[in-house]
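Structure assessment
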Amino acid sequence: MVDLAREAFSTNNFSLAADIYERTIRENGPTSELFLGLADSLARTGLFVKAFESYTNAYRYGKVTPEKLKHLVIGLIDTVKQDISNSGNTTARKNCMFTCGSCRGLLVDPVTIPCGHTFCRKCLERDVSKTCELCNTVHYRLKVRQISSNVVLTNLIEKWFPNECKASQLKREGNEYIAKIDFQNAVRVYTQAIQMAPCDHLLLSNRCHAYASLDKFQEALADAECVVDLRPDWPKGYFRRGRALYGLGHYEDAAVAFLQCLALDQKVSSAKDYLSKALDKILSVLPPDDPKTHALEQRANPTMLRQLVESNFSQRGMLLPERDMQSTFNDLAKIVKDTITMANNFTSEPTPKGSRSSAQQQELIPAKKESFIPRQESIKGAATSESSEHLPVGDEILQMLTKCNSMPDCSEIDHVELEKKTLPRTHSPLSRKRSRIPSTAQCPVSPSHSSPNKVLRSFAVATTTTASTNSTILHGVTSTSAASALSSGDASERASSRRSFMEPEYTDIEDLECGLCYRLYFEPVTTPCGHMFCRKCLDRSLDHTVTCPICKGNLAEYLAERRQSVTDAVQSIMETYFGTEYAERCKINDEEMIELAKMGSEQQSEIPVFVCTLAFPTIACPLHIFEPRYRLMIRQCMESGTRQFGMCMHTNDEDGFSDYGVMLEIRDVQYFPDGRSVVDTIGGRRFKVLSRGKREGYNTAKVEFILDSIMEPQDVQTVNELQTELHAAVSAWLSQLPSFNQARITQHFGALPSLDAQPAGPNGPKWAWWAVAVLPLDQRVQLTMLRMASIKDRLVALKKVLNYMNRRNSR
Amino acid sequence: MSGLPRRIIKETQRLMAEPVSGITAVPDEHNSRYFHVVVAGPSQSPYEGGLFKLELFLPEEYPMSAPKVRFMTKIYHPNIDKLGRICLDILKDKWSPALQIRTVLLSIQALLSAPNPDDPLDNNVADHWKSNEKSAIDQARQWTQTYAKSNMNNH
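Residue numbers restart at each chain and count upward from 1, following the sequence in its written direction. Think of it this way: whatever chain is written first is A, whatever ligand is written first is 1, and the rest follow in order. Only residues with pLDDT of at least 70 are given local features in this predicted model, and only at 80 or more are side-chain atom pairs given and counted; all residues enter the totals for whole chains, interfaces and linings. Values shown for side chains rest on all heavy atoms present in the structure; no hydrogens or waters enter the calculation.

Going by what an unreviewed UniProt entry lists, chain B is known as UBC core domain-containing protein and is assigned to Elysia crispata.

Under an unreviewed UniProt entry, the name given to chain A is LON peptidase N-terminal domain and RING finger protein 3, and the source organism is Elysia crispata.

**Let's talk about the overall build of chain A**
Where helices and strands are cited, they refer to DSSP runs of H or I of at least four residues and of E of at least two residues respectively, numbered from the N terminus. The secondary structure content of chain A amounts to 34 helices and 10 strands. Split into buried and exposed, the 811 residues of chain A put 56% on the buried side. Long-range contacts, defined here as pairs at least 24 residues apart, represent 64% of the contacts in chain A between residues at least 6 apart. For accessible areas, the Shrake-Rupley method is used with a probe of radius 1.4 Å. Any residue's cover is judged against the shown protein chains and nothing else. Element-wise, carbon and sulfur atoms account for 51% of the exposed surface of chain A, whose accessible area totals about 34400 Å². The buried label goes to any residue with under 20% of its type's maximum accessible area, the exposed label to any with over 50%, and the partly exposed label to all in between, with areas taken from a 1.4 Å probe on protein chains only. The contact criterion used is simple: two residues touch if any of their non-hydrogen atoms lie within 4.5 Å.

**What to know about the packing of helix α25 (residues 535-544) of chain A against helix α29 (residues 628-640) of chain A**
Packed helices, taken two at a time, are described by the angle their axes make and the gap between the axes. Residue and element names in this part refer to chain A. The N-to-C vectors of α25 and α29 enclose an angle of 145°; their axes lie 8 Å apart at closest approach. Of the two elements, α25 crosses α29, and the hand of that crossing is right-handed. Mapping the contact onto sequence places Arg535, Lys536, Asp539, Arg540, Leu542, Asp543 and His544 in α25 and Pro628, Arg631, Leu632, Arg635 and Glu639 in α29. Helix axes use the C-alpha atoms of the stretch in contact, all axes being lines fitted to C-alpha atoms, and the angles between their N-to-C directions lie in the range 0 to 180 degrees. A clockwise turn of the near helix away from the far one marks a right-handed crossing, whereas an anticlockwise turn of less than a right angle marks a left-handed crossing.

**Topic: a negative patch on the surface**
Residue and element names in this part refer to chain A. Together, Glu581, Glu584, Asp590 and Glu591 make up a negatively charged patch on the protein surface. Relative to the helices and strands, Glu584 resides in helix α28 (residues 579-598). Overall, Glu584 belongs to the partly exposed group, its relative accessible area being 42%. Only residues whose relative accessible area exceeds 30% and that form no salt bridge are eligible for patches; like-charged ones are grouped when within 9 Å, while nonpolar side chains (Val, Leu, Ile, Met, Phe, Trp, Tyr) are grouped when within 5 Å. Definition used for salt bridges: Asp or Glu carboxyl oxygen within 4 Å of a side-chain nitrogen of Lys or Arg. Under this rule, positive means Lys or Arg and negative means Asp or Glu; His and the chain ends count for nothing. To locate a charge, the coordinates of NZ of Lys, CZ of Arg, CG of Asp or CD of Glu are taken.

**Looking at a positive patch on the surface**
Taken together, the side chains of Lys122, Arg126, Arg172 and Lys236 of chain A define a basic patch exposed on the protein surface. Its location among the elements puts Arg172 of chain A in helix α9 (residues 162-179).

**Observations concerning the nonpolar core**
Residues and elements named next belong to chain A. Counting residues in each nonpolar core, the largest one holds 135 residues, and the members touching the most others are Tyr55, Phe98, Ile113, Trp160, Leu279, Leu512 and Ile573. With 10 residues, the top contributor of residues to this core is helix α14 (residues 251-264). Filtering out sequence-adjacent residues up to four positions away, Leu512 remains in contact with Leu156, Trp160, Arg519, Leu520, Tyr521, Val570, Ile573, Met574 and Phe578. In this structure, Ile634, Leu734, Trp767 and Ala768 belong to the second largest nonpolar core, which totals 66 residues. Put simply, buried Ala, Val, Leu, Ile, Met, Phe, Trp, Tyr and Cys residues joined by side-chain atoms within 4.5 Å make one nonpolar core.

**What about the packing of aromatic side chains?**
Aromatic contacts are taken between Phe, Tyr and Trp rings whose centres are within 6.5 Å, Trp giving its six-membered ring; a plane angle under 30 degrees counts as stacked, one over 60 as edge-to-face, and the others as tilted. Enumeration according to the criterion identifies 21 aromatic pairs over all chains in this entry. Pairing Phe98 of chain A with Tyr577 of chain A gives two aromatic rings, centres 5.9 Å apart and planes at 50°, and the pair type is tilted. Of the two residues, Phe98 of chain A sits in the loop between α6 (91-94) and β1 (110-112) while Tyr577 of chain A sits in helix α27 (residues 568-577), which places them 479 residues apart along the sequence. Summarising the burial analysis for this pair, Phe98 of chain A and Tyr577 of chain A share the class buried. Judged by centre distance (6.0 Å) and plane angle (40°), the rings of Tyr62 of chain B and Trp95 of chain B are tilted. One end of the pair, Tyr62 of chain B, is in the loop between β3 (51-57) and β4 (68-71); the other, Trp95 of chain B, is in the loop between β4 and α2 (101-113), with 33 residues separating them in the sequence. With relative accessibility at 4%, the residue Tyr62 of chain B sits in the buried group. One aromatic cluster in this structure is built from Phe98, Trp160, Phe161, Tyr577 and Phe578 of chain A. The rule is short: NZ of Lys or CZ of Arg within 6 Å of the ring centre and within 35 degrees of the ring normal puts a charge over the ring. The ring of Phe705 of chain A carries Arg685 of chain A above its face, with NZ or CZ at 3.9 Å from the centroid.

**Let's talk about the environment of Lys149 of chain B**
Residue position: Lys149 of chain B is located in the loop between α4 (133-148) and α5 (151-154). The contacts of Lys149 of chain B, once residues within four sequence positions are left out, are Gly49 and Thr144 of chain B.

**Looking at the UniProt feature "active site" (unreviewed entry) in chain B**
Residues and elements named next belong to chain B. UniProt positions are given in the numbering used here, feature names are shortened, and annotations may be inferred rather than shown by experiment. UniProt marks Cys87 with the feature "active site" (unreviewed entry), using the numbering shown here. When you line up the elements, Cys87 lands in the loop between β4 and α2. Since its relative accessible area comes to 18%, Cys87 is described here as buried. Cys87 has contacts with Asn79, Lys92, Leu111, Asp119 and Leu121, leaving out every residue within four places of it along the chain.

**Digging into the environment of Thr618 of chain A**
Residues and elements named next belong to chain A. Along the chain, Thr618 turns up in the loop between β5 (606-612) and β6 (620-625). What makes Thr618 buried here is its relative accessible area of 14%. Taking the C-alpha atoms as reference, Thr618 lies 9.9 Å from Val662; in sequence the two are 44 residues apart.

**Topic: helix α4 (residues 48-61) of chain A**
Side chains that are three or four residues apart share a direction in an α-helix, a result of its 3.6 residues per turn. Residues and elements named next belong to chain A. Spanning 14 residues, α4 covers 20 Å between terminal C-alpha atoms, matching the ideal 20 Å at 1.5 Å per step. Most of α4 is tucked away, with 10 of its 14 residues classed as buried. For α4, the complete set of buried residues consists of Phe48, Val49, Ala51, Phe52, Ser54, Tyr55, Thr56, Asn57, Ala58 and Tyr59. Given the number of residues in a helix, its expected span is that number minus one, multiplied by 1.5 Å.

**A look at the UniProt feature "domain: RING-type" (unreviewed entry) in chain A**
Residue and element names in this part refer to chain A. As recorded in UniProt, the feature "domain: RING-type" (unreviewed entry) lies at residues 100-136 and 514-552. Helix makes up 16% of residues 100-136 and strand 16%, and the two end C-alpha atoms of the span are 15 Å apart. As annotated, residues 514-552 has a helix share of 26% and a strand share of 15%, and its two end C-alpha atoms lie 16 Å apart.

**Thoughts on the UniProt feature "repeat: TPR" (unreviewed entry) in chain A**
In the numbering adopted here, UniProt assigns the feature "repeat: TPR" (unreviewed entry) to residues 167-200 of chain A. With 79% helix and 0% strand, the stretch residues 167-200 of chain A has end C-alpha atoms that lie 9 Å from each other.

**So, the interface of chain B and chain A**
Counting from both sides, the interface comprises 16 residues of chain B and, opposite them, 18 residues of chain A. Buried area is understood as the total, over both parts, of accessible area removed when two parts are fitted together, assessed with a 1.4 Å probe. Both faces considered, chain B and chain A share a buried interface measuring about 1500 Å² in area, 54% of it formed by carbon and sulfur atoms. At the boundary of chain B and chain A, one finds three salt bridges. Taking the shortest distance from any N to any O, the salt bridge between Arg14 of chain B and Glu510 of chain A comes out at 3.7 Å. Here a polar contact is taken to be a pair of N or O atoms separated by no more than 3.5 Å, where protein atoms must pair a possible hydrogen donor with a possible acceptor and residues adjacent in sequence count only if both atoms sit in side chains. Scanning the region where chain B abuts chain A turns up eight residue pairs in polar contact (both at pLDDT 80 or more). For this classification, Asp, Glu, Lys and Arg are treated as charged, while Ala, Val, Leu, Ile, Met, Phe, Trp, Tyr, Cys and Pro are nonpolar and the rest, including Gly, are polar. Across the side of chain B that touches chain A, the residue classes tally to six nonpolar, two polar and eight charged.

**Some remarks on the sheet that holds β3 of chain B**
Residues and elements named next belong to chain B. One requirement defines pairing of two strands: DSSP has to find at least two bridges between them. As summarised here, the arrangement of the four strands in space is β1-β2-β3-β4, forming an open sheet in which the pairing is antiparallel. Two strands in the sheet have a free side with no partner beyond their single neighbour: β1 (23-27) and β4. Adjacent strand axes in the sheet meet at a mean angle of 20°, parallel and antiparallel pairs treated alike. With seven bridges connecting them, strand β2 (residues 34-40) and β3 associate as antiparallel partners. By the bridge assignment, Tyr34 is partnered in β3 with Phe57.

**Quick word on the packing of helix α1 (residues 2-10) of chain A against helix α3 (residues 32-45) of chain A**
Residues and elements named next belong to chain A. Packing of α1 against α3 brings their axes to within 11 Å, and their N-to-C directions diverge by 25°. The angle between α1 and α3 places the two elements in the roughly parallel class. The chirality of how α1 crosses α3 is left-handed. Counting all contacts with α1, which are made through Val2, Arg6 and Phe9, the residues of α3 involved are Glu33, Leu34, Asp40, Ser41 and Arg44. Grouping the amino acids of the contact of α1 with α3 by side-chain chemistry returns three nonpolar, one polar and four charged. Each angle is binned into one of four classes, with values under 35 degrees roughly parallel, values over 145 roughly antiparallel, values of 65 to 115 roughly perpendicular, and all other values oblique.

**Things to note about α1 of chain A**
Residues and elements named next belong to chain A. Looking at α1, one finds that the buried residues are Ala5, Ala8 and Phe9. In an axial view of α1, the angular spread of the buried residues amounts to 100°, which keeps them on one side of the axis. Away from the buried face of α1 by more than 90 degrees, exposed residues Asp3, Glu7 and Ser10 are located. Just downstream of α1, Asn12 is the residue with a positive phi angle, here 65°. Within this analysis, the arc is defined by the directions that extend from the helix axis to the C-beta atoms.

Okay, structure coming up:
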């Protein structure tokens with residue numbers, strides 16, 4: 001039976017596995033292993049209420065190690081992960097101006113990768129996945145060492161953020177202390193740096209790590225809260241918070257924090273490890289042989305667990321920014337009320353610890369919208385209250401409020417160095433990680449019945465904080481509550497840290513000027529050598545030479561890959577700090593595009609002219625483009641969307657090209673790695689050149705389009721007879737050619753079009769143009785035919801040519 | 001082609017606002033792409049004390065192609081020929097659109113300080129330079145006195 005269940009489980013058939021386990025337990029009697037299997041199956045199906053129940057039983061019947069909670073962890077991550085993806089993680093992208101897409105700190109040695117996103121060099125080197133964290137593009141051939149730092153961003157950051165740059169220098173120093181396991185000095189240097197850059201979450205995070213390593217979990221928690229406050233979208237902040245809370249023995253809070261971390265990034269294995277450990281602490285709180293079975297029953301109370309799960313996972317709305325705030329608050333208020341009520345119910349032996357007026361207490365309970373912040377605190381307050389059951393609930397909450405949620409139970413363990421001994425001494429319900437002493441003996445009432453409450457409210461907090469990643473309003477709320485969690489010493493630091501994040505001290509639009517066009521960047525691109533240009537400017541330069549205009553670095557690979565990705569960071573910086581100028585720049589570009597788009601669109605307009613050969617209406621004309629000016633021309637035709645240009649024959653006079661030509665429509669462009677291209681075109685309208693001009697190196701012309709005149713009724717008969725006769729003649733001429741030549745003609749121009757293909761229209765029958773193109777005629781003769789605006793004239797001319805050829809052949 | 005590209009306008013403005021020491025470049029009043037340039041002979045060079053007139057023209061494709069620069073004042077230099085044409089890599093194959101009028105003129109100034117007879121344009125001058133550098137320098141100094149002094153008034 002168990003094998004069967006395991007098999008069902010391993011094939012992801014979790015509900016079947018759960019059924020089998022349930023039946024086995026019923027039939028064979030309960031064992032820890034069976035309950036664990038059942039719990040895992042339930043967890044993976046998302047039935048956490050029942051899963052918790054089973055896990056509890058598993059702990060009751062045997063020893064369960066944290067590693068065995070792997071499936072609970074997976075199940076929980078799956079649930080929160082979905083919620084996050086539903087809510088859309090948009091904050092990350094928007095904030096990446098001067099910040100790294102990975103560590104979210106001020107860019108240090110910024111490297112822009114081919115997708116256009118920018119990261120610290122170290123962050124990129126650390127990431128072996130070669131996947132951009134912002135757009136998920138995989139850069140298989142990415143070699144970070146071969147990409148130079150982005151020169152523009154480096155200068156910009158040094159100039160615009162002098163203090164933060166100094167701070168990041170100090171950070172490096174601090175990191176070296178960390179590497180040397182000198183946490184005292186690390187804290188000292190980080191503190192110095194934080195004074196310079198109070199809103200650098202990385203500094204706070206690193207100091208948090210140093211504090212945690214020194215077992216100063218209270219300080220670590222304060223820093224972690226700052227980090228989360230500054231960067232609610234940064235997974236590591238939650239990990240730091242979880243780590244500190246774990247160190248303080250707040251396993252439920254820790255579990256929530258780790259889960260928040262994992263919700264944002266499922267790959268953090270250390271968070272998974274700690275999550276299992278924290279869950280293990282929560283679930284193993286009650287020794288299996290604890291006589292207070294009543295407590296166990298309470299703990300496994302499905303109603304409460306259901307509430308937990310429902311309040312977090314079924315109400316996905318809480319994670320969505322568009323969700324009505326009022327209802328979110330109401331939901332929270334409800335959870336708070338329930339928490340308090342339950343805490344009340346479970347408090348059995350109140351130990352008076354100072355008296356507090358009931359009026360103050362009431363302030364916490366009303367579920368008014370405007371009093372959300374105190375309520376938020378009340379969540380924390382209520383939460384802590386359960387951990388110290390000896391206090392009357394209201395008292396405890398208020399105590400928490402005044403003490404800024406300084407986690408009362410940590411004072412219980414004496415060997416935890418606590419600088420703030422003002423904390424109320426209460427009994428900890430949970431064994432501490434460091435002490436490793438089960439605290440049940442000291443606990444007159446089993447702490448277990450408070451656990452669900454605590455988990456419940458922690459998850460409620462979790463939901464708020466997760467939601468805050470998507471909502472500035474909620475962000476404000478959480479930061480307030482987080483601020484309240486600080487001890488007074490850190491409060492001022494914290495207040496200053498909440499000033500708007502990363503405002504440059506100085507800005508200069510000239511730092512954002514393209515070195516080629518001397519204008520604000522438009523669609524800025526970054527070369528592997530770290531230089532930036534407008535995309536179009538660089539393209540133009542690459543038409544001439546495959547090197548960087550600034551450093552002469554080889555850009556062959558850049559060109560071959562036809563990279564076009566705009567450097568996101570610089571684009572955002574321009575939009576944010578020079579919005580008006582950037583809008584103006586966009587307008588100029590639009591105007592230029594409109595000017596290009598006009599080309600060839602109307603009568604008498606100016607068209608770009610390719611001077612090369614004669615083309616004919618309806619006949620294909622493949623072209624090899626290698627000259628820089630024509631590369632530009634083709635690119636402009638494509639970008640503006642006209643996809644056409646004039647083709648004229650070269651002449652030796654001062655005009656440079658023939659007075660008549662044909663519009664060629666681009667059907668396809670195939671690029672070679674070196675920037676040359678083969679352009680597949682087909683002839684369109686004919687034109688007469690009225691005047692000649694130049695544009696960025698290539699020729700242009702004002703033209704008048706030539707249309708065949710409408711046939712006179714008396715000519716229709718003649719034309720039809722001529723067509724039949726000449727088509728046959730051309731066909732005969734073709735058939736007498738050597739088959740090799742025939743094949744070449746067919747390959748290049750296609751087969752001889754049938755007589756009735758495109759009979760009328762502005763250009764006349766297609767077969768006739770085919771004949772003009774294919775027959776071995778002098779270009780001057782071809783040009784003469786091209787300009788004829790009458791089918792009859794053209795056919796007569798063709799007849800003369802064929803007669804002449806026949807005469808010559810027969811001679 | 002409508003108007004002057006923004007780049008040329010800006011370059012001109014900047015040249016006017018922050019001139020390079022020893023160099024003046026003034027756009028022609030009829031053609032904004034044509035510049036009248038005067039380069040002072042660098043100190044400790046045979047051209048010291050001379051003022052050399054040049055013409056600089058920005059072609060249609062500028063900055064994708066290099067400016068056309070020519071000495072108008074006669075100068076005895078292995079990399080500058082009788083017609084005033086200059087043998088300078090950045091004006092030919094080493095041109096880059098990131099270079100500008102200012103950098104071109106600075107390079108020409110540097111070329112006066114450091115003639116390079118190994119990459120000559122005028123073989124006679126270059127041979128003279130290589131066979132008897134002192135005599136060549138004297139000649140250059142003499143030419144400077146003769147041609148580059150009087151030109152001052154013309155400009």
